[in-house]
Amino acid sequence: MLEEKFEAVYTKFKLHFYQEIFSRFQNREASLTTVETFAMETILALGTPTVNEFASFMRISSSNAAYKINSLIRKGYVEKVQSEHDKREHHLKVTEKYIHYYNISNDYLRTVMERIQKRFTPAECEKLEEMLTVIGQELMPEVQLTPSAQAAT
């Protein structure tokens, strides 16, 4: 029962995002492929990874990652920023263009969070936050985010 309820909520978030993306295709605003959308969500979640960190996380070759990243750079969704510590290293940074695109799902998340805070007591919201923290930090060890990436998500 719990699994079904969790899956239903997760599916609703995904489907809302897909509805918004498809409506943008209709208006010719969307220019990311599905795989590029996944890549961008990953870059955003990782913070400012290098190409190699992105490749390692996605379990793809560095050359394949570089190809995908270069396409995203050409489309204006990501940029490379030279590291202040090691001038040979470049970090990937999402652009405002992508932030606008990403806000499709982020706005809906905020709407649902506002509804949660109105529907449930502060104590219930605190318990939900505690449970989500445990789920994210302890029960999902397969997906490791850096501390800066966790703060961004």
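This text gives an overview of the structure that appears in the document.

### Some remarks on the overall build of the protein
Then, in step 1: Helix and strand counts for the protein come out as seven helices and two strands.
Then, in step 2: Helices and strands appear in the protein in the N-to-C order α-α-α-α-β-β-α-α-α.
Then, in step 3: Within the protein, the proportion of its 153 residues that are buried is 26%.
Then, in step 4: Counted over contacts in the protein with a minimum sequence separation of 6, partners at least 24 positions apart contribute 51%.
Then, in step 5: When the accessible surface of the protein is summed, it comes to about 11400 Å², and 55% of that surface belongs to carbon and sulfur atoms.

### With respect to the pattern of salt bridges
Then, in step 1: Within this structure, the stated rule accounts for five salt bridges.
Then, in step 2: The closest approach of N and O atoms between Glu36 and Lys75, which form a salt bridge, is 2.7 Å. With Glu36 in helix H2 (residues 34-46) and Lys75 in the loop between helix H4 (62-74) and strand S1 (78-82), the pair connects residues that are 39 residues apart, well separated along the chain.
Then, in step 3: Of the residues examined, Lys75 reaches a relative accessible area of 27% and is grouped as partly exposed.

### A closer look at the packing of aromatic side chains
Then, in step 1: Enumeration over the complete set of coordinates arrives at two aromatic pairs.
Then, in step 2: Ring plane angle 70° and centroid distance 5.8 Å describe the contact between Phe13 and Tyr108, whose orientation is recorded as edge-to-face. Residue Phe13 is located in helix H1 (residues 2-26), and its partner Tyr108 is located in helix H5 (residues 96-119); the two are separated by 95 residues in the primary sequence.
Then, in step 3: Judged by relative accessible area, Phe13 falls into the partly exposed class, the value being 29%.

### Points about the packing of H2 against H4
Then, in step 1: At their nearest, the axes of H2 and H4 sit 11 Å apart, and the two run at 90° to each other. One way to sum up the angle between H2 and H4 is to call them roughly perpendicular. The segment H2 lies against H4, with Val35, Glu36, Ala39, Met40 and Ile43 engaging Lys68, Ile69, Ser71 and Leu72.
Then, in step 2: Tallied by class, the residues present in the contact of H2 with H4 amount to six nonpolar, one polar and two charged.

The rules behind these values
Residues numbered from 1 in each chain as written. Predicted model: local features only at pLDDT ≥ 70, side-chain atom pairs only at ≥ 80, totals over all residues. Heavy atoms only, no water. Helix = DSSP H or I, 4+ residues; strand = E, 2+ residues; numbered from the N terminus. Buried < 20%, exposed > 50% of the residue type's maximum accessible area, 1.4 Å probe, protein only. Contact = heavy atoms within 4.5 Å. Areas by Shrake-Rupley, 256 points an atom, 1.4 Å probe, with all protein chains shown as cover. Salt bridge = Lys/Arg side-chain N within 4 Å of Asp/Glu carboxyl O. Phe/Tyr/Trp six-rings, centres within 6.5 Å; stacked < 30°, edge-to-face > 60°. Axes fitted to C-alpha atoms, helices over the stretch in contact; angles between N-to-C directions. Parallel < 35°, antiparallel > 145°, perpendicular 65-115°, else oblique. Nonpolar A, V, L, I, M, F, W, Y, C, P; charged D, E, K, R; others polar.

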